[in-house]
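Descriptive analysis of the structure
Residue strings, one per chain:
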Amino acid sequence: MVKRALPSRDELFELLDTVMDPEVPVLSVVELGIVRDAVATDEGITITITPTYSGCPAMREIESAVRGAVEEQGFGPVEIRTTYSPAWTTDWMSEAARQKLETYGIAPPQRTSDELVPLMRRAASVRCPYCKSTRTELKSAFGTTACKSIWVCNDCRQPFEEFKAI
Amino acid sequence: MTSPALFSYLLRLADDRLVLGHRLSEWCGHGPILEEDIALANVALDLVGEATLLLKLAGETEGQGRNEDALAYFRDALEYRNVLLVELPKGDFAFTVARQFFFSIFSLLQMQALQQSSNAELAGIAAKAVKEAKYHVRHSAQWVVTLGDGTAESHERAQRAVDELWRYTGELFLSDAIEQEVASAHLGVDASTLEAPWRAQVSDILSRATLTTPTVGYMQRGGRDGKHTEHLGHMLSEMQIVARSYPGASW
């Protein structure tokens, strides 16, 4: 492996910003807030990541994609650390990332609330990513992946997914 | 870091979620409607995910080189520490809903308290689990109301499920030397302190569902000491067979 100058934290984040989430391929693992830290020393590169959900099946693939992206640039050895604290939240998602989600056809997450609601009240209306109507209805809080819920638009009749606030 | 009490405690937390997660996964492809099939699989995934993190931490705490897979696949029923409630066969949909409801409310209370654990790893796992458990509580409580306050048939099945499961709920709140030791070290929470808030929340939802909260009676116990129903062994044989037939296999 070619020895190169140590990359800065910013350079590593820039590099990892090219690694897309396997389930939401319009957002990078940096935009999603999965990458928490990146440190380069003479001993190697340490990347700290945090899972979105405890059982997210994509974590292993994300880990290997992150490792691959760093090694491809000639840096290494790469150590991936996993942290659970602070717990991942969709509140970390930037406005730009939310915009990308909506353009892709997934309604962006609402802001999280600490309120414990034992019964589902009428969920705040989510805007249809297709026709922008707010006459939408929650079909199920659990969607095709752990991070999404299923909605249907009562105007354009299109079912769509929402990135769940967590 | 070796702490026999903490290791035992982590096994309790992990085994409750692993066994219930596996039971729920048995609904995959059999849910009453497509959305519900997906929802049950999602909840199962959360529970198995939480169990994985807890078992990993348990293995590190034990310090004998056992990882999460070794603890999940190479322990026999006698070594499992889950409550009996979670190992019972999945029953009909009402039975599964009632069990998820009882467990989710318990789990949310337990994980909320564990966010303050002096063990930073456990506190971090708990903070994640709280977010997931909130969705589980909402989902199961909604179904309890839908079934209880539904048709005569759904009401009758929901009430029967609540009545059948009630005698397995007492074990969730058993206090013993392990619970007390981890609580006094601020590592864990003594489960007995969760009983009053659990009862209040459960009765509230049951009454909204027009269901009767059973009166306190005889409570089954044994799981925390490894004395299980005959159902756990059968479940584990299915869950563990691949790992035991092909040890170390990967794909």
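Refer to the structure printed above.
As a starting point, this report considers the structure included with it.

The rules we used
- Residues numbered from 1 in each chain as written.
- Chains lettered and ligands numbered in written order.
- Predicted model: local features only at pLDDT ≥ 70, side-chain atom pairs only at ≥ 80, totals over all residues.
- Helix = DSSP H or I, 4+ residues; strand = E, 2+ residues; numbered from the N terminus.
- Rg over C-alpha atoms; globule rule 2.2 N^0.38 Å.
- Buried ≥ 20, exposed ≤ 12 C-beta atoms within 10 Å, placed from the backbone.
- Contact = placed C-beta atoms within 7 Å.
- Nonpolar A, V, L, I, M, F, W, Y, C, P; charged D, E, K, R; others polar.
- Pairing = 2+ DSSP bridges.
- Core = buried A, V, L, I, M, F, W, Y, C linked by C-beta atoms within 7 Å.

Okay, the overall build of chain B next. Along the backbone of chain B there are 10 helices and 0 strands. Counting from the amino terminus, chain B carries its helices and strands in the arrangement α-α-α-α-α-α-α-α-α-α. Its C-alpha atoms give chain B a radius of gyration of 18 Å, within 12% of the compact-globule value 18 Å for 251 residues. The principal-axis extent of the C-alpha atoms belonging to chain B is close to 55 × 40 × 30 Å. By residue count, 49% of the 251 residues in chain B fall in the buried class. In chain B, once contacts between residues fewer than 6 apart in sequence are set aside, the share between residues at least 24 apart is 74%.

Counting secondary structure elements, chain A contains 3 helices and 7 strands. Listed N to C, the secondary structure of chain A is α-β-β-α-β-α-β-β-β-β in terms of helices and strands. Counting only C-alpha atoms, chain A reaches 60 × 30 × 25 Å along its principal axes. Sorting the 166 residues of chain A into buried and exposed places 36% on the buried side. When contacts within chain A are restricted to residue pairs at least 6 apart in sequence, long-range pairs at least 24 apart make up 52% of them.

All right, on to the interface of chain B and chain A then. Taken together, the contact between chain B and chain A spans 29 residues of the former and 21 residues of the latter. Within the side of chain B that touches chain A, the residues separate by chemical class into 15 nonpolar, 6 polar and 8 charged.

A word on the sheet that holds strand β6 (residues 148–153) of chain A. Residues and elements named next belong to chain A. Overall, mixed pairing links the 4 strands, which are arranged β4-β7-β6-β5 in an open sheet. The two strands at the open ends of the sheet, each matched to only one other strand, are β4 (106–107) and β5 (136–140). Bridge count for β4 against strand β7 (residues 159–163) is 2 bridges, and the pairing is parallel. Counterpart to Ala-107 in the pairing with β7 is Glu-162.

Attention now moves to the pairing of β6 of chain A. Each regular strand displays side chains that alternate between the two surfaces of the sheet. Residues and elements named next belong to chain A. In terms of residue burial, β6 counts as a mostly covered element, since 5 of its 6 residues are buried. Relative to β6, β5 runs antiparallel, the two sharing 4 bridges. Bridge pairing in β6 links Ser-140 to Ile-150. Pairing of β6 with β7 involves 5 bridges; the strand directions are antiparallel. Along β7, the bridge assignment pairs Trp-151 with Phe-160. Joining the antiparallel neighbours β6 and β7 is a turn of 5 residues, in which Arg-157 adopts a positive phi near 60°.

What follows covers the environment of Ser-107 of chain B. Its place among the elements puts Ser-107 of chain B in helix α5 (residues 93–114). In this structure, the C-alpha to C-alpha distance between Ser-107 of chain B and Ala-129 of chain B, residues 22 residues apart in sequence, is 8.6 Å.

All names here are of chain B. Formed by 113 residues in total, the largest nonpolar core has its most connected members in Leu-10, Ala-14, Leu-54, Leu-85, Ala-98, Val-144 and Ala-158. A total of 14 residues in this core trace back to one element, the largest contributor, which is helix α6 (residues 120–148). Residues Ala-77, Tyr-80, Met-235 and Leu-236 belong to the second largest nonpolar core, which totals 5 residues.

All names here are of chain A. For the bond from Gly-76 to Pro-77, the omega torsion is -5°, close enough to zero to count as cis. The topology assignment puts Pro-77 in the loop between α2 (59–72) and β3 (78–82). In this structure, the amide linkage connecting Ser-85 to the following residue, Pro-86, adopts the cis form with an omega of -5°. Topologically, Pro-86 is positioned in the loop between β3 and α3 (95–104). In this model, Lys-132 sits at a positive phi of 65°, which is unusual for a non-glycine residue. Within the secondary structure, Lys-132 is located in the loop between β4 and β5. Among the residues examined, Lys-132 registers 11 C-beta atoms within 10 Å and is labelled exposed.

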